[in-house]
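# Inside the fold
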Amino acid sequence: TRERTKGAFRPPCMAFASQQVYVTVVLVAVLLTSYCSVDFSAQRSERTEAIHAQKTEANPTIEAIRNSESVHETAEKADTGRFRDAGHAHDRAEKAEAIRDAFRHAYRGYKRVGWGKDEIRPLAGTWANWLAGRRAFALTLVDSLDTMLLMELHEEYAEARDYLAAELSFHADGSVSVFESSIRLLAGLLSAYELGAARGTADEMLLRKALDLGERLLRSFPTHPPSPIPAWFVHLLSGEPKYPSWSSSRNWLANVGSLQLEFVKLSALTGDVRFAQRALGVYRHLLSLRRPPPHHLFPVQLDVSTGKFARDIAGGRVTFGSGGDSFYEYLLKLWLLTGRRSAAAAHHSGVQRVYYDEVVPRTLEHLVLRVGELTVLGEYRPDEKRSVPEMEHLACFAGGLFALGSWASPRDPSSEAAFELGKQLTHTCRTAYASTVTGLGAERWSFSTVVNEDGAETTQISVLKGRYLLRPELVESIFYLWRFTHDPIYRQWGWEVFRAIEKHCRVENGYVGLADVQNERSAADDFQQSFFLAETLKYLYLLFSPDLLLSLDEWVFNTEGHPLRVFEPEDEWLHLFEF
């Protein structure tokens, strides 16, 4: 049993569905571990120092995982869902295996074209790195490690893990997006570490590399007032903050408000308070700001120099699409991650109440539009002083978000309306997919009503941006709605999406996007996104897997689809969660 060292967070007594022996080992480890209080004046915890000092790169008990009873077999035995019928179970298993095969195809293409690089261009047979022409972070491997574990692709996982142990380094001369690095790289390492730990095979190499990256990203946060808002980019060697060419001091709401799960989890696993302090300080600041009427929600841009919301036309928009999306997601998921049913939750209910008391009702009032027979999550534009009936593909995650919030707090006054909204938004996005020639989703749609020759009013869906980038948001929402309803329509919808991807996006060296979803013979968007393996295929696979494979009571997905284990904060740190 791995000895757990002292820390300010209590590891959860929850286990990834596996053999009973592993569950027993984890429970015994937690019960036998002793804890002591944390000295907050210290810049590093004893746990942090121990992680840095460790040098071994050995792959822990990979053979034990290979030889153990399949997680899927264990989950199947305990599955009490609606698909007890052997025919249904066989059909479901075949579809899950087809999705697993799709992942293997994407992985093999990556291995042929750009092994160790960040992402690939399958048709051109080339690759692309975040730091152009310089060090790669094997982004595709890091982003998909946990998918390999869930799919039980042991050979691929061992190969990827050993490469990362030998080659992955963040000591690189270049600047990276703090947000993208956190949700993809940091979360990918943490998730793989926790999934392994839950099976009794914690891999300290993954945690050590996560800690190294976290310390480099931490330097993006200012150390002095007036603003605790981190920079857009940070130089990995010097720690110098950087911003895009179009702005010297602006950052997106989603960029700064979607670091909290990863940074809090890193503190939980290392005992180092600094990560949680900085990330939660951003929330404390954001929730204290005056929000503009009439919606009193959160505009998409902040001025980092002043710490205030931007008020111009571009920065003052309110949207669940790009710039705003995952901020609203993390308001709910921070509460879920830190033990919503625990006594400690009462001490950090501020973020929860902002979601339930403000975000949900104000979204229903100011952003949700009924266009014909469809419900649209519109975008508020300050110059027009209204919400417009347009949606980005990115906003299609909101169906799952509202359903998740309703499931987590069924007695909340807004719960019933939120769940119905989640169902309707998922239906709208699926209808938008089905309306295209390829059956795949565009980057952006507009919705309007038209009167046909019979005088009946119908909804018209117009494509504003026709690219399809292998995005996961619809299948993410479908996955959540399936989990909460077990209505077979959601598995039908998910399978339709998968078949369209196979038909239009599968090529010899992996998968590509489309330039135009309305063209049956569209040119390719020649890029295999890492999130296709991290999210799209993962959610599809879980849709056709037994629920117990990954329990939503025990795991919370970050915005890149990386599951993180629920835990309860120690009393010494509860003040960090008071907003």
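### As for the state of the cysteines
Joining two cysteines, a disulfide is a covalent bond between their sulfur atoms. Throughout the structure, instances matching the rule amount to one disulfide. Across the disulfide from Cys 396 sits Cys 429; the S-S distance is 2.1 Å. The chirality of the disulfide connecting Cys 396 with Cys 429 is left-handed, given an S-S dihedral of about -95°. Here the residue Cys 396 occupies a position in the loop between β14 (390–392) and α15 (398–408), and Cys 429 occupies one in helix α16 (residues 415–434), the gap between them amounting to 33 residues.

### Topic: the confidence of the model for the chain
On average, residues of the chain carry a pLDDT of 87, and 83% of them reach 70 or more. Predicted confidence for residues 61–69 stays below pLDDT 50, and this span has 16 contacts to residues more than four positions away or in other chains.

### Some words on the packing of α15 against α16
Packing of α15 against α16 brings their axes to within 7 Å, and their N-to-C directions diverge by 155°. Accordingly, the angle class assigned to the pair α15 and α16 is roughly antiparallel. Classified by chirality, the crossing of α16 by α15 is left-handed. Seen from α15, the contacting residues are Ala 398, Gly 399, Gly 400, Phe 402, Ala 403 and Ser 406; seen from α16, they are Ser 415, Glu 416, Ala 418, Phe 419, Leu 421, Gly 422, Leu 425 and Thr 426. The residue inventory of the contact of α15 with α16, partitioned by class, reads seven nonpolar, six polar and one charged.

### Re the nonpolar core
In terms of nonpolar packing, the biggest core is built from 166 residues, with Leu 286, Phe 320 and Tyr 328 touching the most fellow members. With 12 residues, the single largest contributor to this core is helix α8 (residues 178–198). When neighbours within four sequence positions are excluded, Tyr 328 is seen to be in contact with Leu 253, Leu 297, Phe 298, Val 318, Thr 319, Phe 320, Tyr 355, Val 359 and Leu 401.

### Brief notes about the environment of Ser 387
Following the sequence through the fold, Ser 387 ends up in strand β13 (residues 386–388). Given a relative accessible area of 9%, Ser 387 falls into the buried group. In the structure, Ser 387 is positioned 20 residues away from Leu 367 in sequence and 5.8 Å away in space, judged by C-alpha atoms. The residues touching Ser 387, leaving out its near neighbours within four places in the chain, are His 366, Leu 367, Leu 369, Glu 379 and Tyr 380. At a separation of 2.5 Å, a polar atom in the side chain of Ser 387 contacts the main-chain carbonyl oxygen of His 366.

### Structural notes on the sheet that holds strand β6 (residues 241–242)
Strand order in the open sheet made by the three strands is β4-β5-β6, with antiparallel pairing throughout. Each edge of the open sheet carries a strand with a single partner, namely β4 (175–177) and β6. Across the sheet, α8 touches β4 and β5 (233–235), and the angle it forms with β4 is around 70°.

### Considering the pattern of salt bridges
Using the criterion set out here, one finds 39 salt bridges in the structure. Asp 101 is paired through a salt bridge with Arg 104; the nearest N and O atoms lie 4.0 Å apart. On the criterion of helical spacing, the pair formed by Asp 101 and Arg 104 is a turn pair, its members being three residues apart in helix α5 (residues 86–114). For Asp 101, a relative accessible area of 28% translates into the label partly exposed. Judged by its relative accessible area of 17%, Arg 104 is buried. Between Glu 496 and Arg 430 there is a salt bridge, and its shortest N-O distance comes to 2.9 Å. With Glu 496 in helix α18 (residues 488–504) and Arg 430 in helix α16, this pair connects stretches of sequence that are 66 residues apart. One continuous salt-bridge network, built from bridges that share partners, spans Arg 317, Glu 379, Arg 381, Glu 384, Arg 386, Glu 390, Glu 392 and Arg 444.

### Focus: the sheet that holds strand β9 (residues 308–309)
Pairing between sheet strands relies on hydrogen bonds along the backbone, with the strands arranged either parallel or antiparallel. With antiparallel pairing, three strands are arranged side by side in an open sheet as β7-β8-β9. Whereas interior strands pair on both sides, the edge strands pair on one side only; in this sheet they are β7 (250–252) and β9. For strand β8 (residues 301–303) and β9, the ladder comprises two bridges, and the chain directions are antiparallel. The partner of Leu 302 across the bridge, within β9, is Phe 309.

Definitions and cut-offs
Residues numbered from 1 in each chain as written. Predicted model: local features only at pLDDT ≥ 70, side-chain atom pairs only at ≥ 80, totals over all residues. Heavy atoms only, no water. Disulfide = S-S within 2.5 Å. Helix = DSSP H or I, 4+ residues; strand = E, 2+ residues; numbered from the N terminus. pLDDT = per-residue confidence, 0-100. Contact = heavy atoms within 4.5 Å. Axes fitted to C-alpha atoms, helices over the stretch in contact; angles between N-to-C directions. Parallel < 35°, antiparallel > 145°, perpendicular 65-115°, else oblique. Left-handed = near helix turned anticlockwise from the far one by under 90°. Nonpolar A, V, L, I, M, F, W, Y, C, P; charged D, E, K, R; others polar. Core = buried A, V, L, I, M, F, W, Y, C linked by side-chain atoms within 4.5 Å. Buried < 20%, exposed > 50% of the residue type's maximum accessible area, 1.4 Å probe, protein only. Polar contact = N/O pair within 3.5 Å; in protein donor to acceptor, adjacent residues only side chain to side chain. Pairing = 2+ DSSP bridges. Salt bridge = Lys/Arg side-chain N within 4 Å of Asp/Glu carboxyl O.

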